[in-house]
Amino acid sequence: MSIAEMTRTHFSAPDGTNQSVIAWVEEIAALTQPDEVVWCNGSPEEADELAELMIEAGTLTRLNDEYRPHSFLARSDPSDVARVESRTFICSVNESDAGPSNNWAAPAEMRTTLDGLFEGAMRGRRLYVVPFSMGPLGSPLAKIGVQVTDSPYVVMSMGIMTRMGTAVLQSIDDSTEWVRAIHSVGAPLAAGDTDVPWPCNQTKYISHFPETREIWSFGSAYGGNAILAKKSFALRIASVIARDEGWLAEHMLLLKLTNPRGRVFHIAAAFPSACGKTNLAMLKPTIPGWKAETIGDDIAWLGKGADGRLRAINPEAGFFGVAPGTGIATNETAMDTIWGNTVFTNVALKDNGDVWWEGMTDEVPEHLIDWQGNDWTPESGTPSSHPNSRFTVAAAQCPTIADEWESPQGVVIDAIIFGGRRATNVPLVVEARDWEHGVYLGATISSERTAAAEGTIGELRRDPFAMMPFCGYNMADHWAHWLSVGQNLRSSGTVPRIFQVNWFRKGADGSFLWPGFGENSRVLEWILERVDGQVAAQESALGLLPREGDLNIDGLDLDENVMEQLFAIDTESWLAEAASTEEFFATFDGRVPAAVTRQLEQLKARLTS
Ligand code: GTP
Ligand code: SPV
Ligand code: MN
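Residues numbered from 1 in each chain as written. Chains lettered and ligands numbered in written order. Predicted model: local features only at pLDDT ≥ 70, side-chain atom pairs only at ≥ 80, totals over all residues. Heavy atoms only, no water.

(A) A look at the overall build of the protein. Counting its secondary structure elements, the protein contains 17 helices and 32 strands. Against the globule reference of 25 Å for 609 residues, the protein gives a C-alpha radius of gyration of 24 Å, in line with a compact fold. Principal-axis analysis of the C-alpha atoms places the extent of the protein at approximately 75 × 55 × 45 Å. When each of the 609 residues of the protein is scored for burial, the buried share is 60%. Restricting the contact set of the protein to residue pairs at least 6 apart, pairs at least 24 apart contribute 73%. Taken as a whole, the protein presents about 22800 Å² of accessible surface, with 49% of it coming from carbon and sulfur. In the protein, the 47 positive side-chain charges and the 81 negative ones have mean positions that sit 6 Å from each other. (Helix = DSSP H or I, 4+ residues; strand = E, 2+ residues; numbered from the N terminus. Rg over C-alpha atoms; globule rule 2.2 N^0.38 Å. Buried < 20%, exposed > 50% of the residue type's maximum accessible area, 1.4 Å probe, protein only. Contact = heavy atoms within 4.5 Å. Areas by Shrake-Rupley, 256 points an atom, 1.4 Å probe, with all protein chains shown as cover. Lys, Arg positive; Asp, Glu negative; His and termini not counted. Charge placed at Lys NZ, Arg CZ, Asp CG, Glu CD.)

This is the structure we're talking about:
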């Protein structure tokens, strides 16, 4: 069958498609006026066909099969390289439900704007219908969505990042609640126009309607702006559903750990974007007897299971990981995962047809084609790959994927970890005194800005629960919701312990104090020995710390005083940080729960006593 013939077989909805989906697709097609409507079935043949189309259009370059089988390089428009938080909107009915950390627009006004933008937006293009499940299809914890998009790159990405295809579509019946996601690159083609390799629009809107569970995204084809299953659905819309239903949708990795005595633990850890979730999710322990297995690297849905315990699933089916800094020394598991069947975006192309990026190897190639398609040498003075360049690959391809990563009931969570990228103040590890203190630690995560979103790299920004850009409702209400989830768990007797970590503290010379990466297993060892009741801890103003000698640093070649510096608590700078936290809390118009402000008062009291 030719490519054209193969596509033609999907021009109408598959038998059994629910009328609600057909009617909605017709409505969106009438608005956006595409040339054709294609119903995606999720088959490998379909993905191959899309790849061929994109190679023809110049969107994708096929990599050398000898080094990177069945893999592709995409170069985005240089203006479309990261999430645009300034153009991301929560259009709740009440402005206060979006809260001060979100951009808000009145739903009716936003609908008028979007109707104008989407009218005819797909002219000259195809509208692809992409049915997907977040979580294993049929799991009681899974949720269904349908995205329409005019970007084949987005279809291909959705095919890797979610369970996508006809089986999902056919699972929708009259009683199914499914999320509607509408996406256009916003670049209609008139007859005779030639397309560009990466169509997009300078005008961008990533708009969410929490009450009607709808997403409308215009103007970008990049990552979280366009792969709407990910941040838009699985975090922003899902966090609202979770608030209403009593569970949590969080920006967290999930990791299974087995200790030398054979006890199995699962941890959930929230770090801001580009702060090490993928690294920790693929941890290679450096200490003997420990085994680490991957469950998820970016998003977790957590809720109380039938057994009364906090359980979690990874709603995604793939990894959209930061490429720069990923190498054998830092993340060997990721390197093994992306051996083939991978889409790379905005990395450099080697002369041999393979990919390269800063940090992949110590040795720097003498010549590359950089992420913008220009010749590059080590003398160029610019990075060859964009700092937010990424790989997209199926989770199933990860050699350390845990057997239970698709367990429909999810895994039991034994510990929750919050972390940020902090050069100062925050110790290597702290244990929360209790759930409420843990919620305070989550609410006060802050981090130096990374390349994952637009803005000045390095500036300190507040990122509560690593959810600042991803919470679909008022952030202060999110903390109240965490408190109520804790209360609910307490009523059945098992509440996971909460910890804070910081791999990024720097010494006077500006270098990282802690070796990080695989050595982070030492910190997890202490955390899980605490959970297992094997080790005591010492009180400090910030929470419980390892006693001297308890954190296993055997075989580490640390300079003198490094441990002291990693755990140093400077009262002056902590009082300043507490004052800044007070200011931050004040921006929430009195909605910060009393239990959280009480934690701040207690911190100040302990610092000054
Ligand atoms: P998103 O996908 O954007 O949500 O981010 P992520 O949290 O999954 O980011 P990722 O794991 O890809 O983080 C990448 C960055 O963190 C790279 O620059 C890594 O080098 C750095 N990193 C990860 N772990 C460590 C560590 O233990 N120590 C140090 N110093 N850097 C680390
Ligand atoms: C993040 O920025 O946290 C990501 C990448 O995981 S994106 O999907 O583009 O949001
Ligand atoms: Mn993320």
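(B) Spotlight on helix α11 (residues 328–337). For α11, the set of buried residues is Asn331, Thr333, Ala334, Met335 and Thr337. Elements that come into contact with the buried residues of α11 comprise α10 (277–281), β18 (318–322) and β24 (390–394).

(C) Layout of the pattern of salt bridges. Under the definition given, this model contains 35 salt bridges. Residues joined in a network through salt bridges with shared partners are Arg261, Arg263, Arg309, Asp414, Glu529 and Asp532. (Salt bridge = Lys/Arg side-chain N within 4 Å of Asp/Glu carboxyl O.)

(D) Region of the structure containing the nonpolar core. By size, the foremost hydrophobic cluster in this structure holds 161 residues, and its most contacted members are Trp301, Trp479 and Ile527. In terms of residues, this core owes the most to one element, helix α9 (residues 229–245), which gives nine residues. If you look at the next biggest cluster of nonpolar residues, it comprises 29 residues, including Ile28, Leu31, Cys91 and Phe218. (Core = buried A, V, L, I, M, F, W, Y, C linked by side-chain atoms within 4.5 Å.)

(E) Broad picture of the site of ligand 1. Around ligand 1 lies a shell of 20 residues, among which Ala274, Lys277, Thr278, Arg390 and Phe517 are the nearest. Between ligand 1 and lysine 277, the relevant distance is 2.7 Å, taken from an oxygen atom to a main-chain nitrogen or oxygen of the residue. In the environment of ligand 1, an oxygen atom lies 3.1 Å from a nitrogen or oxygen atom belonging to the side chain of asparagine 279. Out of a free accessible area of 670 Å², ligand 1 has 90% covered by protein chains. (Near = heavy atom within 4 Å. Polar contact = N/O pair within 3.5 Å; in protein donor to acceptor, adjacent residues only side chain to side chain.)

(F) Spotlight on the packing of helix α12 (residues 435–443) against helix α17 (residues 594–608). Taken N-terminus to C-terminus, the directions of α12 and α17 make an angle of 90 degrees; their axes are 9 Å apart at the nearest point. Between α12 and α17, the angle falls in the class roughly perpendicular. Taking contact as the criterion, the partners of Glu436, His437, Val439 and Tyr440 in α12 are, on α17, Ala595, Val596, Arg598, Gln599, Leu600, Leu603 and Arg606. A class-by-class count of the residues in the contact of α12 with α17 yields six nonpolar, two polar and three charged. (Axes fitted to C-alpha atoms, helices over the stretch in contact; angles between N-to-C directions. Parallel < 35°, antiparallel > 145°, perpendicular 65-115°, else oblique. Nonpolar A, V, L, I, M, F, W, Y, C, P; charged D, E, K, R; others polar.)

(G) Structural view of the site of ligand 2. Contacts to ligand 2 come from Arg83, Gly223, Gly224, Lys230, Lys231, His251, Ser273, Asp298, Phe320, Arg390, Ala452 and Phe470. Separating an oxygen atom of ligand 2 from a side-chain N or O atom of arginine 83 is a distance of 2.8 Å. Contact between ligand 2 and histidine 251: an oxygen atom at 3.2 Å from a side-chain N or O atom of the residue. In the complex, the protein chains occlude 98% of the 290 Å² of accessible area that ligand 2 would expose alone. More than half of the atoms of ligand 2 fall within 2 Å of the grid points belonging to the largest pocket. The set of elements that each furnish at least two residues to the shell around ligand 2 consists of α8 (223–226) and α9. Taken together, the residues that form the shell around ligand 2 break down as three nonpolar, four polar and five charged. (1 Å grid on protein atoms, 1.4 Å probe; cavity = no way out; pocket = protein on both sides within 12 Å on 5 of 7 lines; lining within 4 Å. Sits in = over half its atoms within 2 Å of the grid points.)

(H) Representation of the pairing of strand β7 (residues 143–149). Of all seven residues in β7, six are buried, a share of seventy percent or more. As paired elements, strand β6 (residues 126–134) and β7 share seven bridges and run antiparallel to each other. Opposite valine 130, over in β7, you have glutamine 147 as the bridge partner. Here β7 runs beside strand β9 (residues 178–184); their pairing, made up of six bridges, is parallel. Following the sheet pairing, isoleucine 144 is matched in β9 by tryptophan 178. (Pairing = 2+ DSSP bridges.)

(I) Examining the sheet that holds strand β2 (residues 60–62) more closely. One open sheet accounts for five strands, arranged β2-β3-β19-β24-β18; its pairing is mixed. Each end of this open sheet is capped by a strand with a single partner; those strands are β2 and β18. Direction aside, neighbouring strands of the sheet carry axes that sit 20 degrees apart on average. By the bridge criterion, three bridges tie strand β3 (residues 72–74) to strand β19 (residues 343–345) in an arrangement that is parallel. Of the residues in β19, the one forming a bridge with alanine 74 is threonine 345.

(J) Layout of a negative patch on the surface. A cluster of acidic side chains, namely Asp362, Glu363, Glu366 and Glu379, defines a negative patch on the protein surface. Looking at where glutamate 366 falls in the secondary structure, it is placed in the loop between β21 (355–356) and β22 (368–369). Judged by relative accessible area, which is 69%, glutamate 366 ranks as exposed. (Patch = residues over 30% accessible without salt bridge, like charges linked within 9 Å, V, L, I, M, F, W, Y side chains within 5 Å.)

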